[in-house]
Amino acid sequence: MNKTMLCIELLQLLSTKDKMSKNELAELLETNPRNIIEYIKTLQDCGYDITSMKGVYGGYHLNIDCLLPVVQLKKEELAVLKSSCSYLEKQSDFLDYSTYLKAISKVLSTHGQAQIEPITIIDRFPLLMPKEELKERYEILSQAESTYHKCKISYLSTRNKIMMHIIHPYKIFVYNGSWIVLAWNETVNDFGYFKLNRVKDIQILKDKFQLLKTFNASDYIDRYGMKQNGKYIDIKLELKDLYTVISERKYGKNQKITRIDERTTILECSMQNKEMIKSFILGFGSKAKIVEPLWLKEEITTEIKEMLKKNTEEVSQ
C-alpha cells in the first residue's frame, strides 16, 4: 500500500475516535510506528488540523470540523478575496453582502488577512430604491419561488399605472443591474418579467402553483438578456471616431466590429426591444449613421425631427 493510501486510511481512523496512539495506528495500518509520525506530518502540511497529546493516555486528535484541509492561499488570491468584499459592498445588485462578508472574513482570518482594503467604484446610474427594500422583496419572492406559492403584487407599469397581478414566481435573476423575477402572470396567461424595484406591494398567497412541465429557463433568459423581451433585430451602424469606445463592450448577439479607416467603424449585431435600440443609437448623436434596417433609419429620422421641433419651439418662445 503506497503512502497516499496509508495517509487516507489514517485520516479515516482518526475520524472514528477522539484520539488514537501512534502504536495503535501503526498496528491497524500494518506499518512501523516511525512512519505514523511521517504520515501525520504530511497531513498537517496539507492543512489538516491534527494535534498530538503526550502522556500515557495521549495520542493524535483530528479536528473533524475541518475534515477538508485549510489550503494556504497565494498572495494574489488573498488580494482578490479582499477586493471582492469592497467591490460587492458597492454593487446595488448584490443583496447578501452582510452574509458574504461574514463568510469571507472567516477565510481571511485564518491567513491573518482580515483587513479589507477599499476600492473606488462609481455606479453612474444607481437605483433610487434602498437596498434594504429591494432585499425584502427579493426574500419574499425567493420564499414563494421555493415553496411554489402564488403572489399578489401591485406593479408600476412602463405607462406609470399601478396594475394588480397574480403571479407564479419561477426564477429571480439580475439583468443590467436590475433584479427581475420571471413569473407566470394569471392576468394574461403567459410568462412575464417584473422588475423588483417596480413592485409596490407584494403578498404571498395560500394557494400554490404547479410548475409547467414544458418550462425551460433557457427559453426566456440567455447571456444576452431576456429572450422574450421583443424579437431580436439585426442592426448595422456606421460610426465616426468611436472605434476605441465601441470595441470595449459587447452590445448584442453575433456582434462584429469592422474598422474601415482611421475614423470609420462598422458595428453589426442583433439587439432586442425597438425602443431600447433607438435610445442606444440616439446616444451616439451625429457620430452614428444607420445602414440597416431601413425602417429603423426612418423611425430615428422621425424621432430626431420631432425632438428638433419641440426644442426649437421652446427656444423661440
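Note that the structure is a prediction, hence the values are computed from the model and not measured. (Residues numbered from 1 in each chain as written. Predicted model: local features only at pLDDT ≥ 70, side-chain atom pairs only at ≥ 80, totals over all residues. Heavy atoms only, no water.)

**Side note on the packing of aromatic side chains**
What counts here: Here is the rule: rings of Phe, Tyr and Trp (six-membered ring for Trp) pair when centre to centre is within 6.5 Å. Planes less than 30 degrees apart are stacked, more than 60 are edge-to-face, and the remainder are tilted. Only DSSP runs of H or I covering at least 4 residues are called helices, and only runs of E covering at least 2 are called strands; the numbering of each starts at the N terminus. With a 1.4 Å probe rolled over the protein chains alone, any residue whose accessible area is under 20% of its type maximum counts as buried; one over 50% counts as exposed, and the rest are partly exposed. Note on geometry: a ring has a charge over it if NZ (lysine) or CZ (arginine) is within 6 Å of the ring centre and within 35 degrees of the ring normal.
Enumeration over the complete set of coordinates arrives at 14 aromatic pairs. Plain terms: the ring middles of F173 and Y193 are 6.4 Å apart, the flat faces sit at 85 degrees to each other, and that makes the pair edge-to-face. Residue F173 is located in strand β4 (residues 162-175), and its partner Y193 is located in strand β6 (residues 190-195); the two are separated by 20 residues in the primary sequence. Exposure remark for Y193: the relative accessible area of 18% places this residue in the buried category. Among the aromatic residues, those joined into a ring-pair cluster are Y148, Y170, W184, F191, F209, F215 and Y220. One residue, K253, lies across the ring of Y232, its end atom 4.5 Å from the ring centre. Here the guanidinium or amino end of R259 rests over the ring plane of Y243, the centre of that ring lying 4.4 Å away.

**A short note on helix α2 (residues 22-29)**
Quick note on the threshold: Here the arc refers to the directions that run from the helix axis out to each C-beta atom. Working rule for contacts: check all heavy atoms of both residues, and any pair within 4.5 Å makes them a contact.
Three or more residues of α2 are buried, namely L25, A26 and L29. For α2, the angular spread of buried residues about the axis comes to 100 degrees, placing them on one side. α2 presents N23 and E27 as exposed residues on the side facing more than 90 degrees away from its buried surface. Buried residues along α2 sit in contact with α1 (3-14), α3 (33-45) and β2 (59-62). Directly beyond the C-terminal end of α2, a positive phi value near 55 degrees is found at E30.

**Things to note about unusual backbone geometry**
With an omega of -5 degrees, the peptide bond running from E292 to P293 counts as cis. One non-glycine residue with positive phi stands out, namely N189, at about 55 degrees. Mapping N189 onto the fold places it in the loop between β5 (178-185) and β6. Even without being glycine, D241 reaches a positive phi, approximately 60 degrees. Looking at where D241 falls in the secondary structure, it is placed in the loop between β10 (232-240) and α7 (243-246).

**Topic: the environment of C46**
Summarising the element assignment, C46 is placed in the loop between α3 and β1 (50-53). Of the residues examined, C46 reaches a relative accessible area of 44% and is grouped as partly exposed. C-alpha separation for the pair C46 and Q72, spaced 26 residues apart in sequence, amounts to 8.8 Å.

**Some words on the sheet that holds strand β11 (residues 253-259)**
For clarity, the threshold we go by: Between any two strands, at least two bridges found by DSSP are needed for them to pair. Where helices are involved, their axes are fitted lines through C-alpha atoms of the stretch in contact, as for all axes, and angles between N-to-C directions lie from 0 to 180°.
Taking strand neighbours across the sheet as the criterion, the four strands line up as β11-β12-β10-β13 in an open arrangement whose pairing is antiparallel. Every interior strand has two partners, whereas the edge strands, β11 and β13 (288-292), have only one. Each strand of the sheet is rotated relative to its neighbour by a mean of 25 degrees, with strand direction disregarded. Of the strand pairs in this sheet, β10 and β13 are connected by four bridges, and their pairing is antiparallel.

**Points about the pattern of salt bridges**
Pairing between side chains becomes possible if they bear opposite charge and their charged atoms approach one another. Keep this limit in mind: Put simply, a salt bridge is a Lys or Arg side-chain nitrogen that is within 4 Å of an Asp or Glu carboxyl oxygen.
Per the counting criterion, the structure on display carries 10 salt bridges. The closest approach of N and O atoms between K17 and E24, which form a salt bridge, is 2.9 Å. For E24, a relative accessible area of 26% gives the class partly exposed. The residue E275 makes a salt bridge to K278 at a minimum N-O spacing of 3.7 Å. Linking E275 with K278, this pair stays in helix α8 (residues 274-282), spanning three residues, or about one helical turn. We classify K278 as buried; its relative accessible area is 8%. One connected set of salt bridges, linked through shared partners, spans K274, E275, K278, E299 and E303.

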